[in-house]
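Here is what each chain is made of, one letter per residue.
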Amino acid sequence: MLGLSVMSQLDFHIEQKVAQRDSIDLAARRLGSQPGWVVEFGLGRGRSYSHLASRFPDREIYCFDREHATNPGWGPPAERVVLGDLATVLADPAVQARFHGRVILAHLDLAWADSADTRLHRMVVDRTRDWLLPGAWILSDRAVPLDPAWGVVPLPASDEVGYAHRFHRYERRPVA
Ligand SMILES: C[S@@+](CC[C@H](N)C(=O)[O-])C[C@H]1O[C@@H](n2cnc3c(N)ncnc32)[C@H](O)[C@@H]1O
């Protein structure tokens, strides 16, 4: 008989989605009055995009992925989708110039299954940290190995996020 104390993949998935939703909701409460764009890395089927759009209704939200595969009616307009492999897209000077210093929230939803590989997450934060306005947040489905020189720090724990260890919250340190 299966012991009920065993953590199933469904348990893990539910906990992570609660943490993801609560993190976006917390970001909306804390950043709601600050101008800036929202970017999502890992548009996928558009589920988290639809939540970002509902919580940041008046923002420009740009989404990145290899392909545009959102559920019909739930995705961003085509002009706000940037397609291609992130290693290539984020090396493009035109993309860098377009987003530099404009972003108040970056949402990374890039991991495959329960992979612990964070090289992609680290590359994305490294190549987009200059997109972030002072005080901007990064939300990530994996803990990002940070370089102190980036000026990006973990946010203090919040009891407003359920299963907070399943999704990760960072802030671009405001200039003193
Ligand atoms: C977990 S899914 C995103 C789920 C989505 N946020 C949702 O709520 O429906 C991860 C996405 O990241 C994208 N992705 C992963 N690695 C990528 C890369 N190197 N370049 C571009 N997209 C990538 C995949 O194509 C996939 O759609």
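Just above sits the structure.
Residues numbered from 1 in each chain as written. Predicted model: local features only at pLDDT ≥ 70, side-chain atom pairs only at ≥ 80, totals over all residues. Heavy atoms only, no water.

J.: Explain the environment of D58 residue by residue, including any values.
T.: Relative to the elements of secondary structure, D58 occurs in the loop between helix 2 (47–55) and strand 2 (61–65). On the accessibility criterion, D58 (75% relative accessible area) is exposed. Here the alpha-carbon distance between D58 and G32, two residues 26 residues apart in the chain, equals 10.0 Å. (Helix = DSSP H or I, 4+ residues; strand = E, 2+ residues; numbered from the N terminus. Buried < 20%, exposed > 50% of the residue type's maximum accessible area, 1.4 Å probe, protein only.)

J.: Give a description of the site of the ligand that names residues and reports values.
T.: Taken together, 16 residues sit near the ligand, with G42, R47, S48, D65 and D109 positioned nearest. Between the ligand and the protein, one listed contact pairs a nitrogen atom with a backbone N or O atom of G42 at 2.7 Å. At 3.3 Å from a nitrogen atom of the ligand is found a main-chain nitrogen or oxygen belonging to R66. Here the residues of the shell around the ligand sort into five nonpolar, five polar and six charged. (Near = heavy atom within 4 Å. Polar contact = N/O pair within 3.5 Å; in protein donor to acceptor, adjacent residues only side chain to side chain. Nonpolar A, V, L, I, M, F, W, Y, C, P; charged D, E, K, R; others polar.)

J.: Describe in detail helix 5 (residues 119–128), supporting the description with residues and values.
T.: Among the residues of helix 5, those classed as buried are H121, M123, V124, V125 and T128. Looking at the packing, one finds that the buried side of helix 5 touches strand 1 (37–41), helix 3 (86–89), strand 4 (103–108) and strand 5 (132–140). (Contact = heavy atoms within 4.5 Å.)

J.: Run through helix 1 (residues 9–31), naming residues and quoting values.
T.: For helix 1, built from 23 residues, the straight-helix expectation of 33 Å at 1.5 Å per residue is met to within 8% by its first-to-last C-alpha distance of 32 Å. Three or more residues of helix 1 are buried, namely E15, Q16, A19, Q20, D22, S23, I24, D25, L26, A27, A28 and L31. Next to the buried residues of helix 1 lie helix 2, strand 4, strand 5 and strand 7 (168–172). (Expected span 1.5 Å × (residues − 1).)

J.: Break down unusual backbone geometry for me, with residues and values.
T.: Most peptide bonds take the trans configuration, and most residues that are not glycine carry a negative phi. One non-glycine residue, Y163, lies in the positive phi region at around 45°. For Y163, the position within the fold is in the loop between strand 6 (152–154) and strand 7. Classification of Y163 as partly exposed rests on a relative accessible area of 40%.

J.: Break down the nonpolar core for me, with residues and values.
T.: V39, F41, F64, L90, F99, L105 and W131 are the most contacted members of the largest nonpolar core, which has 47 residues in total. With six residues, the single largest contributor to this core is helix 1. Residues within four places of V39 in sequence aside, it is in contact with Y62, F64, F99, V103, L105, A106, H107 and W131. (Core = buried A, V, L, I, M, F, W, Y, C linked by side-chain atoms within 4.5 Å.)

J.: Explain the pairing of strand 2 to me, and be specific about the residues and the numbers.
T.: Of all five residues making up strand 2, five are buried, and the element is well covered by its neighbours. Side chains I61, C63 and D65 of strand 2 all project onto a buried face; the interleaved residues Y62 and F64 project onto the opposite face, where all are buried too. Across four bridges, strand 1 lies against strand 2 in parallel orientation. What sits directly across from F41, in strand 2, is F64. Handedness of the crossover joining strand 1 and strand 2 through helix 2 is recorded here as right-handed. (Pairing = 2+ DSSP bridges. Right-handed = clockwise from strand over helix to strand, strands pointing away.)

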